[in-house]
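Structural overview
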Amino acid sequence: TAANPQNVVRGKMMDVQGGQMSEDEEVVEGHLHIAERAKNLVASNARFQLATYTGVPDGPDAKDSVFSDPRAPVLGGIHQLSGRIVVFLDRNKQSDSKHAKNASKISFSSISTGHIDPPPLIPIFTRVGLLPPVVRVLGDLELAPENYTEELRQLLSIKDNQEGDFFWMEPGGVFHEDLFEKRREVKVRDFRSAKEDVLCKVKHDIVHVMNTEQLDWLPRFVANYKGHPLNEGFFYDVDRKGFSVFGWQKDTENLWAEYRFEFTGEVEDTETFFQNMEMLKSGIKAVPDAQY
C-alpha cells in the first residue's frame, strides 16, 4: 500500500503510515507494545546517559543542579532477577566519580538510552535533525550490595582490573519518546513485566549488516512495497514483528519519512530475519533503477 505523502513535512521525519500510538495502550498492528519498546531499548544498549544531582533543584525546570554529559556515557544493563537497571561507575573516570559522589548524597537520578548507540547511526539522525527513539527511566540510584558484585561484573562484562562501583535503580518512572517527538509515559508495572524481544541482543548487528552489505536494497524495498522512491534509506530498528527504515524521498529538498515493514510471522533469530530479507528481494518488481 502506498504511503500517504501528506504526513511528511520538510526537515522532519513523520510517520507516513499514520501509526500514532493510541492512548489506551492498545498495540498498533506490526509494532511492539510501548512498554516492550521501552524495555528493549534499555536491554539492547550497553551505554546510558546518566543524570545525577549536585544539589536540591530550586524547581522542576532547574538545570544548574543537574550533572549529565552525553559525551561520557556509563556502562549499564538490566538485572533480570530484580528488574533493576544497573550501571558501573569507573573510579578512574572523572564524570563517573562525580556521579557516584552525587548519588551518595541525592539518590534521585535518571538514566537515558537510545540516542548513543549504535554510533554509526547517530550522525545520520543528527543530519536529519532528530534523535532516534529514546527512553528515560527515573528512580533512586543506590549502591548495589557487595554480594552482587561478581554477578554484576559478569552482566556488564567489566574486566577484573577495572576499579569502580555498581549502582542500581528500581524504575520509578519511565518515559518513551519516538521519532516523531511524541513523549509518552510508560506504566512502570508494564515496563517491569515486559519481556525482552528475542532480537534485542542482536539488533545492532542486524542494523550494521543492513546499513552496509544490504544498504542498496533499502530504497528498493520502500519504492516497491511502499510506493515512495528514495534518494537514500537507512535501516534503524528491528524486532520480532518487523523492521523500520527511514529515508529521504526522491525529488524533494529534505523530506524524510519512516516506513514500517511487518513480518508475516514473528521472527526469532537472525537466520530467519535474513531469510525474510531474501523473500523481500525476490518480490521486487523489475522497475528501472531510475525509479528507485
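Everything below is about the structure printed above this text.
In this report, we go over the structure that sits alongside the text. (Residues numbered from 1 in each chain as written. Predicted model: local features only at pLDDT ≥ 70, side-chain atom pairs only at ≥ 80, totals over all residues. Heavy atoms only, no water.)

How two helices sit against one another is set out by the angle between their axes and by the gap between those axes. Relative to each other, helix α7 (residues 217-225) and helix α8 (residues 270-282) sit at 60 degrees, their axes nearing to 10 Å. On the basis of the axis angle, α7 is oblique to α8. Here α7 runs over α8; the crossing is left-handed. Between α7, through Trp 217, Phe 221 and Tyr 225, and α8, the contact on the second element is made entirely by Met 277, Met 279, Leu 280 and Lys 281. Tallied by class, residues from the contact of α7 with α8 come to 6 nonpolar, no polar and 1 charged. (Axes fitted to C-alpha atoms, helices over the stretch in contact; angles between N-to-C directions. Helix = DSSP H or I, 4+ residues; strand = E, 2+ residues; numbered from the N terminus. Parallel < 35°, antiparallel > 145°, perpendicular 65-115°, else oblique. Left-handed = near helix turned anticlockwise from the far one by under 90°. Contact = heavy atoms within 4.5 Å. Nonpolar A, V, L, I, M, F, W, Y, C, P; charged D, E, K, R; others polar.)

What follows is about empty space enclosed by the protein. Scanning the model with the defined rule gives 1 cavity of 30 Å³ or more in all. The space that makes up the largest cavity amounts to roughly 500 Å³. Lining the largest cavity we find 33 residues, and of these Arg 37, Pro 133, His 176, Tyr 236 and Asp 237 sit closest to its centre. For the lining of the largest cavity, the elements supplying multiple residues, two or more each, are α1 (34-44), α3 (122-128), α6 (203-210), β11 (230-239) and β13 (256-262). Per-class residue counts for the lining of the largest cavity are 14 nonpolar, 9 polar and 10 charged. (1 Å grid on protein atoms, 1.4 Å probe; cavity = no way out; pocket = protein on both sides within 12 Å on 5 of 7 lines; lining within 4 Å. Points joined across faces, edges and corners; volume = space filled by probe spheres on them.)

Our focus in this paragraph is the side chain of Asn 102. You can see Asn 102 is positioned in helix α2 (residues 94-105). Residues within four places of Asn 102 in sequence aside, it is in contact with Thr 52, Tyr 53, Thr 54 and Phe 67.

Note on pairing: side chains with opposite charge can pair once their charged atoms come close. Taken as a whole, this structure holds 11 salt bridges when the rule is applied. Where salt bridges share partners, they join Glu 36, Asp 197, Arg 240 and Glu 266 into one cluster. (Salt bridge = Lys/Arg side-chain N within 4 Å of Asp/Glu carboxyl O.)

In this section: the layout of surface pockets. Put simply, the largest pocket is a space of about 370 Å³. Every residue lining the largest pocket is counted, 18 residues in all, and those nearest its centre are Gln 49, Ala 51, Ser 110, Ser 112 and Arg 136. Those elements that provide at least two residues to the lining of the largest pocket are β2 (47-53), β6 (108-113), β7 (134-143) and β9 (173-177). Of the residues in the lining of the largest pocket, the class split is 9 nonpolar, 6 polar and 3 charged. Counted as a void, the second largest pocket has a volume near 300 Å³. In this structure, the second largest pocket is lined by 18 residues; those nearest its centre are Ala 43, Ala 46, Gly 76, Leu 155 and Lys 201. Secondary-structure elements contributing two or more residues to the lining of the second largest pocket are α1, β4 (74-78) and α6. When residues of the lining of the second largest pocket are assigned to their parent elements, the largest contribution, 4 residues, is made by β4.

A separate point is unusual backbone geometry. Although it is not a glycine, Ser 157 adopts a positive phi angle of roughly 55 degrees. Its location among the elements puts Ser 157 in the loop between α4 (149-155) and β8 (164-169). A positive phi angle, close to 60 degrees, is found at Asp 251, a residue other than glycine.

The topology assignment puts Gly 77 in strand β4. Remark: the alpha-carbon pair of Gly 77 and Asn 45, spanning 32 residues in sequence, is separated by 7.5 Å.

Here we take up the nonpolar core. Counting residues in each nonpolar core, the largest one holds 31 residues, and the members touching the most others are Phe 221, Phe 235, Phe 243 and Phe 273. Contributions of two or more residues to this core are made by α3, α6, α7, β11, β12 (242-249), β13 and α8. With 5 residues, the top contributor of residues to this core is β11. Phe 235 has contacts with Leu 121, Ile 206, Val 207, Met 210, Asn 211, Leu 218, Phe 243, Ser 244, Val 245 and Phe 273, leaving out every residue within four places of it along the chain. (Core = buried A, V, L, I, M, F, W, Y, C linked by side-chain atoms within 4.5 Å. Buried < 20%, exposed > 50% of the residue type's maximum accessible area, 1.4 Å probe, protein only.)

One way to put it is that α6 packs onto α8 with a least axis distance of 11 Å and a crossing angle of 30 degrees. The angle between α6 and α8 places the two elements in the roughly parallel class. Here α6 and α8 pass one another in a crossing that is right-handed. Each of Ile 206, Val 209 and Met 210 in α6 lies in contact with α8, whose residues at this interface are Thr 270, Phe 273, Phe 274 and Met 277. Per-class residue counts for the contact of α6 with α8 are 6 nonpolar, 1 polar and no charged.

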